[in-house]
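Listed below, chain by chain, are the residues.
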Amino acid sequence: MRKILPAVLVAVALGLSACAEKELYGGLTEREANEMVAVLQNANVSASKSSKDGKVWALKTRAEQFSSAVAVLHDQGYPRDKFESLGEVFKKEGFVSSPMEQRARLMYGLSQELSQTISSIDGVVQARVHIAVPEADPLAEEQKPSSASVFIRHNPDVDLSGQVGSIKALVTNSIEGLPYDKVTVVMFPAKPVMTAVQPSPIKSFTMPAIAILAAIGGVGAYVFSRTNRGKPRRKLRTLVEPGSPAA
């Protein structure tokens, strides 16, 4: 019977650790996982990363903090949007593309590159760049100018109004024939989903955890009673001072 108790305790401990964490996101790079773990821990939210092959990572948090973790990551723009590079857009596929298709790919690739670059600016949660380049008309006396629109969702605690000129210059110099005054930058503060309220240490125990702890206590009491069955109980000795009436 004494050999059963350690095995039960190990099984219960494994069950407790398994139900303590819940996966948030998968298919992450190690860099993305590290950044998200840092963001959550700075917000006092439990977070850990794991990987089976060292290439693809998963992000986990405690089950009772799942909602808070999602809200914190959303407010900080995580997980980051995936952007395609020009090399990926124009990868060789063995087919000859039409000039219209090549032009559409070029605009899409430039938009992806610029969106990724602007997303790297501190305080930017999400960025999108929409490019409009009219097709050249050889019969027109004056060609229509290109234009671009930049959408930015930023951290409300960060003021990016002073960066508008730099963002417009970045887009203008990236697209041939794009005038500076034809670039529009629109910024919106990111509205928080919720305020992450962390549970107190007393309330951090979930019902499964309480049940498991109760099971441990029950198993311990059962083993103790089986081990001491049939043994005589020790009588309490009363210390009597010499010379007292009870002596």
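Above this text sits the structure in question.
Residues numbered from 1 in each chain as written. Predicted model: local features only at pLDDT ≥ 70, side-chain atom pairs only at ≥ 80, totals over all residues. Heavy atoms only, no water.

Draft legend 1. Looking closely at the packing of helix α2 (residues 30–42) against helix α3 (residues 66–75). Two elements in contact, α2 and α3, have axes separated by 10 Å at closest approach and are oriented at 110°. Relative to α3, α2 is oriented roughly perpendicular. For α2 against α3, the interelement crossing comes out right-handed. Across the interface between the two elements, Met36, Val39 and Leu40 from α2 touch Ala69, Val72 and Leu73 from α3. (Axes fitted to C-alpha atoms, helices over the stretch in contact; angles between N-to-C directions. Helix = DSSP H or I, 4+ residues; strand = E, 2+ residues; numbered from the N terminus. Parallel < 35°, antiparallel > 145°, perpendicular 65-115°, else oblique. Left-handed = near helix turned anticlockwise from the far one by under 90°. Contact = heavy atoms within 4.5 Å.)

Draft legend 2. Structural context of the environment of Lys191. Inspection of the secondary structure assignment puts Lys191 in the loop between β6 (183–189) and α7 (207–227). For Lys191, a relative accessible area of 71% gives the class exposed. A C-alpha to C-alpha distance of 9.3 Å links Lys191 and Arg153, two positions 38 residues apart in sequence. (Buried < 20%, exposed > 50% of the residue type's maximum accessible area, 1.4 Å probe, protein only.)

Draft legend 3. Inspection of the layout of surface pockets at higher detail. Considering only enclosed or pocket space, the largest pocket measures out at about 680 Å³ in volume. As for the largest pocket, its lining consists of 25 residues, and the residues nearest its centre are Glu35, Arg80, Asp81, Ser119 and Ser120. Listed by contribution, the elements that provide at least two residues to the lining of the largest pocket are α2, α5 (99–119) and β4 (124–132). Per element, the largest residue contribution to the lining of the largest pocket is five residues, and it comes from β4. Residue composition of the lining of the largest pocket, grouped by class: eight nonpolar, eight polar and nine charged. Its boundaries defined by the atoms lining it, the second largest pocket holds a volume of some 190 Å³. (1 Å grid on protein atoms, 1.4 Å probe; cavity = no way out; pocket = protein on both sides within 12 Å on 5 of 7 lines; lining within 4 Å. Points joined across faces, edges and corners; volume = space filled by probe spheres on them. Nonpolar A, V, L, I, M, F, W, Y, C, P; charged D, E, K, R; others polar.)

Draft legend 4. α2, seen in detail. Here α2 spans 18 Å end to end across 13 residues, near enough to the 18 Å set by a 1.5 Å rise per residue. Residues of α2 that are buried include every one of Glu32, Ala33, Met36, Val37, Val39 and Leu40, and no others. Buried residues of α2 fall within an arc of 165° about the axis and therefore sit on the same side. In this structure, α2 carries Arg31 and Asn42 as exposed residues pointing more than 90 degrees from its buried face. For α2, the secondary structure elements touched by its buried residues are β1 (21–28), β2 (48–51), β3 (57–62) and α3. (Expected span 1.5 Å × (residues − 1). Arc of directions from axis to C-beta.)

Draft legend 5. Layout of the sheet that holds β1. Taken in spatial order, the three strands make up an open sheet running β1-β3-β2, and their pairing is antiparallel. The open sheet has two edge strands, β1 and β2, and neither has a second partner. Each strand axis lies, on average, 30° off the axis of its neighbour in the sheet, ignoring direction. Inspection of the sheet shows β2 paired to β3 by four bridges, in the antiparallel sense. Residue Ser50 lies in a different strand from β3, and its bridge partner there is Ala58. Seen against the sheet, α3 touches β1 and β3 and runs at an angle of roughly 35° to β1. (Pairing = 2+ DSSP bridges.)

Draft legend 6. Looking closely at the sheet that holds β4. What the three strands build is an open sheet, ordered β4-β5-β6; its pairing is mixed. Two strands bound the open sheet, and with one partner strand each, they are β4 and β6. Within the sheet, the average angular offset between the axes of one strand and its neighbour, ignoring direction, is 15°. Two elements, strand β5 (residues 147–154) and β6, share seven bridges in a ladder whose sense is parallel. Looking at the pairing, Ser149 lines up with Thr184 of β6. In the packing of α5 onto the sheet, the strands contacted are β4 and β5, and the crossing angle to β4 comes to about 155°.

Draft legend 7. Inspection of the pattern of salt bridges at higher detail. Enumeration according to the criterion identifies three salt bridges in this entry. Among the ionic pairs, Glu30 bridges to Lys49, the shortest N-O distance being 3.4 Å. Placement of the pair is Glu30 in helix α2 and Lys49 in strand β2, with a sequence separation of 19 residues. Here Arg62 and Glu64 are joined by a salt bridge, their closest N and O atoms 2.5 Å apart. Using a relative accessible area of 27% as the deciding quantity, one classes Glu64 as partly exposed. (Salt bridge = Lys/Arg side-chain N within 4 Å of Asp/Glu carboxyl O.)

Draft legend 8. Region of interest: the side chain of Lys168. Mapped onto the elements, Lys168 comes out in helix α6 (residues 164–174). No salt bridge is formed by the buried Lys168; the nearest opposite charge belongs to Asp181, separated by 7.5 Å. Apart from residues no more than four positions distant in its own chain, Lys168 is found in contact with Tyr180, Val183 and Val185. (Lys, Arg positive; Asp, Glu negative; His and termini not counted.)

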